[in-house]
Amino acid sequence: MKAIRRFTVRPVLPEALHPLSELARNLRWSWHAETRDLFQSVDPERWASCGGDPVRLLGSVSGERLAELAEDRRFLRRLGAAADDLRDYVSGERWYQTQSAELPAAVAYFSPEFGITAALPQYSGGLGILAGDHLKAASDLGVPLIGVGLLYRHGYFRQTLSRDGWQQEHYPVLDPHELALVPLREADGSVAQVSLALPGGRRLRARVWQAQVGRVPLLMLDSDVDENDHGERGVTDRLYGGGSEHRLLQEMLLGIGGVRAVRTYCRLTGHPEPEVFHTNEGHAGFLGLERIAELCDQGLDFDAGLEAVRAGTVFTTHTPVPAGIDRFDRELVARHFGPDAELPRIDVERVLRLGMETYPGGEPNLFNMAVMGLRLGQRANGVSLLHGHVSREMFSGLWPGFDPDEVPITSVTNGVHAPTWVAPEVFRLGARQIGAQRTEDAMTVGGSERWDAVADIPDQDIFDLRRDLREQLVTEVRQRLYASWRQRGAGTAELGWIDGVLDPDVLTIGFARRVPSYKRLTLMLRDRDRLMDLLLHEERPIQIVVAGKAHPADDGGKRLVQELVRFADDPRVRHRIVFLPDYGMAMAQKLYPGCDVWLNNPLRPLEACGTSGMKAALNGCLNLSVLDGWWDEWFQPDFGWAIPTADGTATDDDRRDELEASALYDLLEQRVAPRFYERGQGGLPDRWIEMVRRTLTHLGPKVLAGRMVREYVERLYAPAARSQRALDLDVARELAEWKARVRAAWHRVTVDHVETSASAATAELGTTLALRVRVGLGDLVPDDVEVQAVSGRVDSDDRIADAEGVPLKPTGGPDDDGHWVYEGPLSLDRTGPFGYTVRILPTHRLLASPAELGLVAVPSEDAGEGAGVLMR
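To keep things clear, this report deals only with the structure shown in the data block. (Residues numbered from 1 in each chain as written. Predicted model: local features only at pLDDT ≥ 70, side-chain atom pairs only at ≥ 80, totals over all residues. Heavy atoms only, no water.)

1. Quick look at the overall build of the protein
So, step 1. When helices and strands are counted, the protein shows 28 helices and 29 strands.
So, step 2. In terms of overall size, the protein behaves like a compact globule, its C-alpha atoms giving a radius of gyration of 30 Å where 872 residues would be expected to give roughly 29 Å.
So, step 3. The principal-axis extents of the C-alpha atoms in the protein amount to approximately 95 × 70 × 50 Å.
So, step 4. Looking at the protein as a whole, 57% of its 872 residues qualify as buried.
So, step 5. Look at the contacts in the protein between residues 6 or more apart in sequence, and 74% of them connect residues 24 or more apart.
So, step 6. Counting only carbon and sulfur atoms, one obtains 48% of the accessible surface of the protein, whose full area is about 35,500 Å².
So, step 7. For the protein, the distance from the average site of its 100 positive side-chain charges to the average site of its 128 negative ones is 5 Å. (Helix = DSSP H or I, 4+ residues; strand = E, 2+ residues; numbered from the N terminus. Rg over C-alpha atoms; globule rule 2.2 N^0.38 Å. Buried < 20%, exposed > 50% of the residue type's maximum accessible area, 1.4 Å probe, protein only. Contact = heavy atoms within 4.5 Å. Areas by Shrake-Rupley, 256 points an atom, 1.4 Å probe, with all protein chains shown as cover. Lys, Arg positive; Asp, Glu negative; His and termini not counted. Charge placed at Lys NZ, Arg CZ, Asp CG, Glu CD.)

2. Notes on the nonpolar core
So, step 1. Grouped together as the largest cluster of nonpolar side chains are 104 residues, with contacts concentrated most on L507, M524, I544, L624, W641 and W688.
So, step 2. Tallying contributions element by element places helix α25 (residues 653-677) first for this core, with 9 residues.
So, step 3. Leaving out residues up to four positions away in the same chain, L624 has contacts with V597, W598, L599, N600, W641, I643, L664, L667 and L668.
So, step 4. L221, A311, L769 and L808 belong to the second largest nonpolar core, which has 99 residues in total. (Core = buried A, V, L, I, M, F, W, Y, C linked by side-chain atoms within 4.5 Å.)

3. Examining the environment of P217
So, step 1. Inspection of the secondary structure assignment puts P217 in strand β8 (residues 216-222).
So, step 2. According to the relative accessible area criterion, P217 is buried, its value standing at 1%.

4. A closer look at the environment of E494
So, step 1. Within the secondary structure, E494 is located in the loop between α19 (459-487) and β15 (507-512).
So, step 2. Each C-alpha atom of the pair E494 and G128 lies 38 Å from the other, and the pair is 366 residues apart in sequence.
So, step 3. Of note is the side chain of E494, whose polar atom sits 2.8 Å from the backbone nitrogen of G491. (Polar contact = N/O pair within 3.5 Å; in protein donor to acceptor, adjacent residues only side chain to side chain.)

5. Some points on the side chain of H32
So, step 1. One can find H32 in the loop between α1 (18-25) and α2 (33-42).
So, step 2. Polar contacts involving the side chain of H32 include one to the side chain of D85, which spans 3.3 Å.

6. Section: empty space enclosed by the protein
So, step 1. Within this structure, the stated rule accounts for 9 cavities of 30 Å³ or more.
So, step 2. As a volume, the largest cavity reaches approximately 80 Å³.
So, step 3. Lining the largest cavity are 13 residues, and of these L481, W485, A568, D569 and F579 lie nearest its centre.
So, step 4. Where the lining of the largest cavity is concerned, the elements lending two or more residues are α19, α21 (555-568) and β17 (577-580).
So, step 5. Looking at the lining of the largest cavity, its residues break down into 9 nonpolar, 1 polar and 3 charged. (1 Å grid on protein atoms, 1.4 Å probe; cavity = no way out; pocket = protein on both sides within 12 Å on 5 of 7 lines; lining within 4 Å. Points joined across faces, edges and corners; volume = space filled by probe spheres on them. Nonpolar A, V, L, I, M, F, W, Y, C, P; charged D, E, K, R; others polar.)

7. So, the pattern of salt bridges
So, step 1. Summed over all chains, the structure comprises 69 salt bridges.
So, step 2. Linking D85 and R28 is a salt bridge whose minimum nitrogen-to-oxygen distance equals 2.7 Å. Of the two residues, D85 sits in helix α6 (residues 73-91) while R28 sits in the loop between α1 and α2, which places them 57 residues apart along the sequence.
So, step 3. Note that E245 is salt-bridged to R335, the shortest N-O span being 3.8 Å. Taken as a pair, E245 in helix α9 (residues 244-269) and R335 in helix α12 (residues 330-335) lie far apart in primary sequence, 90 residues in all.
So, step 4. Judged by its relative accessible area of 33%, E245 falls in the partly exposed class. (Salt bridge = Lys/Arg side-chain N within 4 Å of Asp/Glu carboxyl O.)

8. Observations regarding the sheet that holds strand β21 (residues 750-756)
So, step 1. Taken in spatial order, the 4 strands line up as β21-β23-β27-β26 in an open sheet, and their pairing is antiparallel. Across the chains shown, the open sheet's two edge strands, defined by having one partner strand only, are β21 and β26 (809-810). (Pairing = 2+ DSSP bridges.)

9. Digging into helix α22 (residues 585-594)
Owing to its 3.6 residues per turn, the α-helix brings residues three or four apart onto one side.
So, step 1. Most of α22 is tucked away, with 7 of its 10 residues classed as buried.
So, step 2. M585, M587, A588, L591, Y592, P593 and G594 are the residues of α22 that are buried.

10. Overview of unusual backbone geometry
Excluding glycine, residues mostly have negative phi values, and the peptide bonds linking residues are mostly trans.
So, step 1. For the bond from R604 to P605, the omega torsion is 5 degrees, close enough to zero to count as cis.
So, step 2. In this fold, P605 is placed in the loop between β18 (597-600) and α23 (612-617).
So, step 3. Not every positive phi belongs to a glycine, and L502 is a case in point at roughly 65 degrees.
So, step 4. Tracing the backbone shows L502 in the loop between α19 and β15.
So, step 5. The class for L502 is buried, based on a relative accessible area of 3%.

Structure follows, in structure tokens:
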């Protein structure tokens, strides 16, 4: 029989064990080994059956066992030490509190998903794991972050396989009362709620849940409340589920409702109000509209409110392709804003203009969430050096007249939270070398360029560690493979072969990620005979562990999964290659440490960053990857191998895959496998161990989330907070009026004549020319603009590369025609073809970038001598 109602029955902990509840409710346990060990000792078997979830453990342990522990002095001493350690962690000074710079009082960090722990399944892939690592690293550093997301009652789907290898999706219901969450409550004890107005007089209400991630509160909005109609209750049902309107409502709730939740949280707890709002991808972009509406209520008009909001907003883009951006029909967006719906004080046309694709090739009837994010954020970044370049190219149409390199999108390369992803055995090896506290500091705060202590670890210790981790992975794979085959309908009698799957002494390669087509799950299958030869090689065999989920609506991705599964089912190779369904954090934490090589073969440059290889590297795993994302930035032969890219314009997709697969096989056959199996005089793979050592020494400190968050603080959060403080209401009005005046007058800004003192087409290196420019400013004055000489090497089409801009100065007042003369030196500091031009840009003390307004004036064809001084 099926229950008609469900309750969560909580145990009554003896008073001596009350700190267990505090420890279970703070998700720091998910990256703090001593706390996990404490919970495991409560009941090792239940701990394993609960998936390492303290809340579930405490909800199922027997009263007799609790009474026994309440009298166990040794356990109580450990419990007291763990509780004291947590209190010190959440209240003591950390890196952020020791900085001399004036930093933001608080930062609100919005993301559609958060991967904190497998026990709180609110993530689908890299974006959520990155957001979770961002919160954890912020906590370790003491950054006063407030996380904001949605609570999905079904999370992302669980994956199984049919007998013929087709992906099956399952959506288990999550009960918030069984998770490490508490409802945010008003002073009278009622559950805190936010609400949004919907068309037709309806409302979308959501309660606010709070997870505690170390020092960082994470607010999660849940629309499954009794006051909502059936449709509204389902808004937060599934991560990335439903049609366009469903997604739009999710993103309005995340952005607009999220700001309201932050205000409620700060009101109820006394937490400082955020000075900076960080939008992690475009899904949360509507938060800027809510903040503009708040300022309109204080007397600002829309334009002034926009300036004030932009100053304190950071926008991070994670997609390198337009297809990865959420775009909504304009009419759908218009219906949900304005007098009859949400934000009635704001003109709907102003809302629509923020998301309009105004660049060449843009679709005027679509509302682009990333475009809105860029217009609402004065500071923006990609997530690797290459992705920053790709993003500047992709969005350059929003800044017409500027070279892509000048588009105001920087980059902060992602990092990963070492305490979450480093195997305990790796941590213990470091602790043995330099002590537990120094090891913990190195992995969390970071700051050092190298981990030199790794050089002193004996080769035998590294070899034994890697072999031990590989053996653990073999055990894990066999258990998961057995469970998967049972789910596929196999009987026990036909699964004896699983006991021989994988070998702890064979070179082990890992490949695990989401399964969109550009990640090329099946590139390894391009030449199946050659792959079989590699798997079954008599002297130097390889074995491969593969995992990954296709989006439920992506049948193409499901076909890739099925193709890989069918190959792995072949009795000839099934002991050497396996596909594990239901890839998630729990599996990943075993997979990364246990592999010798981490494989990544996306289509370049479609991997924005790709952090899985970073997690592997922190465990001494070497990378074998296409030069994309972070690997393009930090690859060295010391750390692994680069798969060549067949990126010629004449190469079609099929030929490209063939060439890159062949290069992959060559690397495995000729370089990777021989290096792994080669033995030195002491019987150890000396050269392989040296690569592991260099990976940990040089790459380890780079890939840390602590390094990433410190970069966000220093390069983006602190400048955004300074800008936010500078824009009080009066200054915001002034800036908005100045921008409006400049935009209205810009059509009359001209470069009329340019001349230099050069008398010939060649000049000596080191020569300084005198430059004289006549410009028209229309209704503007010199304080509104900067006139620049821009120079550098030129190509065959006279395009300037590596351009440098030098401001010129006005020589006096306007002439009788109202024109101004500017002069300045032009230094010829590089040899070869050299050119210059002149341009006029708007300038104001509160602009974060000269390109911010997207306005520039350049010479016409007949304005003067043109570009071109040839240097010898």
